[in-house]
Amino acid sequence: MRYRMPRIPQQPVPGPAGRHATLTLELADVVAGARRRALRDADRQIDTAHLLHSLIESDPAVRAVFEGDSQLARVLGYLVQRSIGYGLRWQGSVEDSGALPVVSRRDLAVRDSGMGGWSPSAAAAMSGALDRSAGRGDVRTGGLDLLAVLAVDRECRAVEVLTRAGVDAGRLAARIADVRDRGVREAKG
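Attention here is on the structure that accompanies the text.

How each quantity is defined
Note that residues are indexed from 1 along each chain, following the sequence as it is written. Reporting of local features is limited, given that this is a predicted model, to residues whose pLDDT is at least 70; pairs of side-chain atoms are given and counted only at 80 or more, and all residues count toward the totals for whole chains, interfaces and linings. Note: side-chain values were computed over all heavy atoms of the structure, leaving out hydrogens and water. Buried Ala, Val, Leu, Ile, Met, Phe, Trp, Tyr and Cys residues that are joined via side-chain atoms within 4.5 Å together make up what is termed a nonpolar core. A simple rule labels every residue: compare its accessible area, found with a 1.4 Å probe on the protein chains alone, to the largest value its type can have, and call it buried under 20%, exposed over 50%, or partly exposed in between. Every helix listed is a DSSP run of H or I at least four residues long, and every strand listed is a run of E at least two residues long, numbered separately from the N terminus. Should any heavy atoms of two residues lie within 4.5 Å, those residues are considered in contact. For a helix, the expected span equals 1.5 Å multiplied by the number of residues minus one. By definition, the arc is the one covered by directions from the helix axis to the C-beta atoms. For this document, the term salt bridge refers to a Lys or Arg side-chain nitrogen within 4 Å of an Asp or Glu carboxyl oxygen. Between the N-to-C directions of two axes lies an angle of 0 to 180 degrees, each axis being a line fitted to C-alpha atoms and, for a helix, fitted only over the stretch in contact. Angles below 35 degrees are treated as roughly parallel, those above 145 as roughly antiparallel, those between 65 and 115 as roughly perpendicular, and all remaining angles as oblique. For a crossing to be left-handed, the near helix must be turned anticlockwise from the far one by less than a right angle; the clockwise case is right-handed. Residues are grouped as follows: nonpolar covers Ala, Val, Leu, Ile, Met, Phe, Trp, Tyr, Cys and Pro; charged covers Asp, Glu, Lys and Arg; every other residue, Gly included, is treated as polar.

1. What to know about the nonpolar core
Leu51, Leu52, Phe66, Val75, Leu146, Leu147 and Leu172 are the most contacted members of the largest nonpolar core, which has 41 residues in total. Elements with a minimum of two residues in this core: helix H1 (25–40), helix H2 (48–58), helix H4 (69–80), helix H6 (120–135), helix H7 (143–152), helix H8 (157–164) and helix H9 (169–188). In terms of residues, this core owes the most to one element, H7, which gives seven residues. Look past the residues within four positions of Leu146 in its chain and what remains in contact with it is Leu27, Val30, Leu51, Leu55, Ala125, Met126 and Ala129.

Shown next, in the form of C-alpha cells:
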C-alpha cells in the first residue's frame, strides 16, 4: 500500500490589505516549508517557530547572521525537538504574542483573506516583513526581513526557541540591521 501525503491547501501570504507582496524565492520556500512542517506536526496553524525553522533551513542569508555553527546547531536542536518535547504544549493552542491589536483593520483583512491557517503572531510577522521591505523602498521581501521582525517580538514562539538555545534576540536583530545597512551602502556606492 502506498501512503499519500494529504494535499496542503495553498493560502495567501498575510500582508496589508490591498498590497500584493513579491517574495524572494527563498521566502516563498520558507512559507511552503512552514506550511508542510505545520501539517506534519499536526498543528492547526503555521506559527512563528515553523517560520523560524523553515527560514534556517531554506535561506543562507538567515544562517549567516547567527553567531557561528554551534549557535545555529543549538537553535535547530530545539526546533527539531518541537514535536517530541516542550513543543507538545503548543499543540492545540493558538500562538498570539499580542503583536497585533485584538481587533484591527489588518486582523480583519487577514481573516477575510482566508488566513485561518496562520497564527496571529505568524501573520503579524509576515505582514511586518512586508512593511519592512516596503519601508526601505524594496518591492521584494526576503528572509532577513522576516527574521528581523520575528527577533523583535519577545512573546512569539520563535523568540522562545531562540532564547532557549542561548541566542540573544536583540543582538540578532542588530546583526540583521548591520547586514542591511552594509548592503544599502554597497549598493549606493
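2. Let's talk about H4
Relative to the 16 Å expected for twelve residues at 1.5 Å per residue, H4 spans 16 Å between its end C-alpha atoms, a close match to the ideal helical length. Taken together, the buried positions of H4 are Gln71, Leu72, Val75 and Leu79. The arc enclosing the buried residues of H4, seen along the axis, measures out at 100 degrees, which places them on a common side. Facing away from the buried side of H4 by more than 90 degrees, the exposed set consists of Asp69 and Val80.

3. Considering the pattern of salt bridges
Scanning the model with the defined rule gives eight salt bridges in all. Residues Glu57 and Arg37 are paired through a salt bridge, measuring 2.6 Å at the closest nitrogen-oxygen approach. On the criterion of sequence distance, the pair formed by Glu57 in helix H2 and Arg37 in helix H1 is long-range, its members being 20 residues apart. On the basis of relative accessible area, Glu57 is assigned to the partly exposed category, the value being 47%. A salt bridge links Asp145 to Arg136; its shortest N-O distance comes to 2.5 Å. A residue is classified by how much of its surface remains accessible, and Asp145, at 0% relative accessible area, is buried. In this structure, a network of salt bridges that share partners links the residues Arg132, Arg136, Asp138 and Asp145.

4. Some thoughts on the packing of H1 against H2
Following both chains from N to C, one finds H1 and H2 inclined at 130 degrees, their axes separated by 8 Å at the closest point. Considering the angle they form, H1 stands oblique to H2. Classified by chirality, the crossing of H2 by H1 is right-handed. Side by side, H1 and H2 meet where Glu26, Leu27, Asp29, Val30, Gly33, Ala34, Arg37 and Ala38 of the first sit next to His50, Leu51, His53, Ser54, Leu55, Glu57 and Ser58 of the second.

5. Let's talk about H6
Its 16 residues place the ends of H6 22 Å apart at the C-alpha level, agreeing with the 22 Å of an ideal helix rising 1.5 Å per residue. Backbone geometry just downstream of H6 places Gly137 in the positive-phi region, at approximately 85 degrees.

6. Observations regarding the environment of Leu51
Considering the arrangement of structural elements, one finds Leu51 in helix H2. Measuring from C-alpha to C-alpha, the distance between Leu51 and Ala38 comes to 9.6 Å, with 13 residues separating the pair along the chain.

7. Quick notes on the packing of H2 against H8
Where H2 contacts H8, the axes come no closer than 6 Å and their chain directions differ by 60 degrees. Judged on the interaxial angle alone, H8 and H2 are oblique. Of H8, the residues touching H2 (which contributes Thr48, Ala49 and Leu52) are Arg157, Ala158, Val161 and Leu162. Classifying every residue of the contact of H2 with H8 by side-chain character gives five nonpolar, one polar and one charged.

So far we have only geometry, and geometry alone does not tell us how the molecule works.
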